[in-house]
Amino acid sequence: MTTRSNWGSKLGFVLAAAGSAIGLGAIWKFPYVTAMNGGGVFLLLFLFFSFTLGLAQMVVEFTLGRSAQTGPVGMFRKLAGKSWPLIGMMGIFAGFVLYSFYSVVGGWTLAYLALAVDGSVLTTDTKVLKDTFEHFVSNPYWPIVSHGAFVLATLAIVIGGIEKGIERASKLLMPGLFIIMLILIARSLTLPGAWQGVVAFFAPDFSKLTPAMVVDALGLAFFSLSLGTGGMIAYGSYVKQETPVLHSAAWVVGLSCTVAILAGLMIFPALFAFKLDPSAGPGLTFMTMPVVFASLPFGQIFAIAFFALLSVAALTSSVSMLELIATLFLDEYKLPRRKVILCLSLAVFLCGIPASMSFGPWADVKFFGKTIFDLMDYSVSNVMMPLGGIGVALFAGWRVWPLLEEHSGLAGLPLFGLKWSCRVVAPLSIAVILVKNL
């Protein structure tokens, strides 16, 4: 019987978990959502929910994984049995669907990194950039090739295992991500008119404070921390028993929030300096930011750095998605890691092809009024992740609270708040998000 792998160090675990939480959404979604929702008001709400509800839920998921020493399906089976493992299965399925379409977008970042290297996206003509993006994503072949390249990059990391694969890569990728961001921020802040962007990002506009904004901040805080699918349960299952859970979770939340704020400082000064639309959403990444780089001295170098940053952010998240799916076969069926990772990567690649083609040849194929890509995104983000978060919270608060209290490593601390967060506050809050998004 093989001994279960562990993270080689607390630093490796924290960086890997933070990498899971820091994805493409942190680079483009958080800054523009913040600007559209009152700037500093939304930012304060986001930070509040991240360090309260988000931190509490992360402590719970880490503790459940560490105490069971198995992935989410095995955790529910080992600690409770009966029908509880179905929640873990839903999380695994959500992770599979999420990785299938996320890797398509991850492939776009790799393709644009190549386009930045050859200089073909360096133009100030937004119509040209829009046409370039639309022609690329609608092409029946190249997006699938880039999707496959992204899946292979993720496979190359995860197949090496926890310590030699994921942890080693995280120790290289995460510092690299911060260094690239700081370089881009330094350049962005020196642009004429950059201060307007800083003000738009940080200055609170209380006139925009609404109940809907509060729910949006809560939802973004919760799901930007990679909670709800069981990914943090899977990562927590590789944690050594002596590793302090609260301290590690606080670091992960802190790093994740720091990257979100840095993304705002990186993007908004540049947007306001060049009078570009901050509400461009995903288009901000591929159709707007190249205008900035084309207008700068040595712009190609900054363009390469930007798309390298996006690729790293996408990769650190996809690694955790693949590991989450793999735990089902590694823990429950004791299959060899190499075979599991190869087969799952092939399955994800094949399932991602329809998502990719929904921007091109299959753009008119719709279910419930949504393209294949949009339906995959909606089902995971708006249905399965909230249901998974509610399930984990109720399970922790009502089914295994004594065990959670014993294994949390928080002995001597007042756990009343955490207990009732799991039992009432978290389930109700996530339910509100679920209903609003539906």
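Not measured: the values here are computed from a predicted model.

### Comments concerning the overall build of the protein
When its secondary structure is counted, the protein shows 18 helices and two strands. Rg of the C-alpha trace for the protein: 21 Å, near the compact-globule value of 22 Å for 438 residues, within the 12% margin. If one aligns the C-alpha atoms of the protein with their principal axes, the spans along those axes are about 60 × 50 × 45 Å. When the 438 residues of the protein are sorted by exposure, 59% land in the buried category. In the protein, 83% of the contacts between residues at least 6 apart in sequence involve partners at least 24 apart. For the protein, the computed accessible surface area is about 17,500 Å², with 69% contributed by carbon and sulfur atoms. One finds the centroid of the 26 positive side-chain charges in the protein at a distance of 7 Å from the centroid of its 19 negative side-chain charges.

### Focus: the packing of aromatic side chains
Following the criterion strictly, the structure yields 29 aromatic pairs and no others. Considering the side-chain rings of W108 and F286, the 6.0 Å spacing of their centres and the 80° angle between planes classify their relative orientation as edge-to-face. Within this pair, whereas W108 is found in helix α5 (residues 85-118), its partner F286 is found in helix α13 (residues 283-294), the two being separated by 178 residues in sequence. Residue W108 shares its accessibility class with F286, and that shared class is buried. A connected cluster of aromatic rings, assembled from ring pairs, spans F101, W108, Y112, F133, F136, F286, F293, F306, F307, F359 and F373. Above the face of the W398 ring, R423 is positioned so that its terminal group lies 4.2 Å from the ring centre. The ring of W420 is capped by R423, whose NZ or CZ atom sits 5.3 Å from the centre of that ring.

### A closer look at empty space enclosed by the protein
In the structure shown here, the tally under the stated rule is three cavities of 30 Å³ or more. In this structure, the largest cavity spans a volume of roughly 80 Å³. Lining the largest cavity, in full, are L184, R187, S188, L191, M266, A270, M289, V292, F293, L296 and F302. Of all the elements in the fold, those that place two or more residues in the lining of the largest cavity are α8 (162-189), α12 (245-273) and α13. Residues belonging to the lining of the largest cavity are distributed by class as follows: nine nonpolar, one polar and one charged.

### Let's talk about the side chain of R337
Residue placement: R337 occurs in helix α15 (residues 337-357). If we ignore the near neighbours within four places in the chain, the residues touching R337 are V158, I159, G161, I162, Y238, E323 and L330.

### Thoughts on the layout of surface pockets
Of the pockets and cavities examined, the largest pocket occupies roughly 1,500 Å³. Contributing to the lining of the largest pocket are 50 residues, with G25, W28, K29, D377 and S381 lying nearest its centre. Of the residues forming the lining of the largest pocket, the biggest block, eight residues, is contributed by helix α2 (residues 24-36). Residue composition of the lining of the largest pocket, grouped by class: 29 nonpolar, 16 polar and five charged.

### Focus: the packing of α2 against helix α3 (residues 40-68)
Between α2 and α3, whose axes approach to 7 Å, the crossing angle comes to 125°. Compared by their axis directions, α2 and α3 come out oblique. On α3, the residues that touch F30, V33 and T34 of α2 are F42, L43 and F46. Its residues placed into classes, the contact of α2 with α3 shows five nonpolar, one polar and no charged.

### Examining α8
For α8, with 28 residues, the first-to-last C-alpha span of 38 Å sits near the 40 Å given by 1.5 Å per residue. At S170, α8 shows its strongest bend, of approximately 25°.

### A look at unusual backbone geometry
The phi dihedral of K82 falls on the positive side, at around 55°, and the residue is not glycine. Take K82: it is sitting in the loop between α4 (72-79) and α5. One non-glycine residue, F298, adopts positive backbone phi at about 55°.

### As for the pattern of salt bridges
The tally for this structure, following the rule as stated, stands at six salt bridges. Taking the shortest distance from any N to any O, the salt bridge between D131 and K127 comes out at 3.1 Å. Of the two residues, D131 and K127 are both situated in helix α6 (residues 126-138); the distance of four residues between them amounts to about one turn of the helix. By relative accessible area, K127 is classed as exposed at 56%. Notably, a salt bridge pairs E134 with K130, separated by 2.8 Å at the nearest N-O pair. Residue E134 and its partner K130 are both found in helix α6; the two are separated by four residues, about one turn of the helix. With relative accessibility at 35%, the residue E134 sits in the partly exposed group. Its relative accessible area of 41% is what places K130 among the partly exposed residues.

### Considerations on the state of the cysteines
In the structure shown here, the tally under the stated rule is zero disulfides. C257 supplies the cysteine sulfur nearest to C422, a cysteine that is in no disulfide, at a spacing of 19 Å. According to the relative accessible area criterion, C422 is buried, its value standing at 1%.

Criteria and thresholds
- Residues numbered from 1 in each chain as written.
- Predicted model: local features only at pLDDT ≥ 70, side-chain atom pairs only at ≥ 80, totals over all residues.
- Heavy atoms only, no water.
- Helix = DSSP H or I, 4+ residues; strand = E, 2+ residues; numbered from the N terminus.
- Rg over C-alpha atoms; globule rule 2.2 N^0.38 Å.
- Buried < 20%, exposed > 50% of the residue type's maximum accessible area, 1.4 Å probe, protein only.
- Contact = heavy atoms within 4.5 Å.
- Areas by Shrake-Rupley, 256 points an atom, 1.4 Å probe, with all protein chains shown as cover.
- Lys, Arg positive; Asp, Glu negative; His and termini not counted.
- Charge placed at Lys NZ, Arg CZ, Asp CG, Glu CD.
- Phe/Tyr/Trp six-rings, centres within 6.5 Å; stacked < 30°, edge-to-face > 60°.
- Lys NZ or Arg CZ within 6 Å of the ring centre and 35° of its normal.
- 1 Å grid on protein atoms, 1.4 Å probe; cavity = no way out; pocket = protein on both sides within 12 Å on 5 of 7 lines; lining within 4 Å.
- Points joined across faces, edges and corners; volume = space filled by probe spheres on them.
- Nonpolar A, V, L, I, M, F, W, Y, C, P; charged D, E, K, R; others polar.
- Axes fitted to C-alpha atoms, helices over the stretch in contact; angles between N-to-C directions.
- Parallel < 35°, antiparallel > 145°, perpendicular 65-115°, else oblique.
- Expected span 1.5 Å × (residues − 1).
- Bend = angle between axes of the 7 residues up to and from the residue.
- Salt bridge = Lys/Arg side-chain N within 4 Å of Asp/Glu carboxyl O.
- Disulfide = S-S within 2.5 Å.

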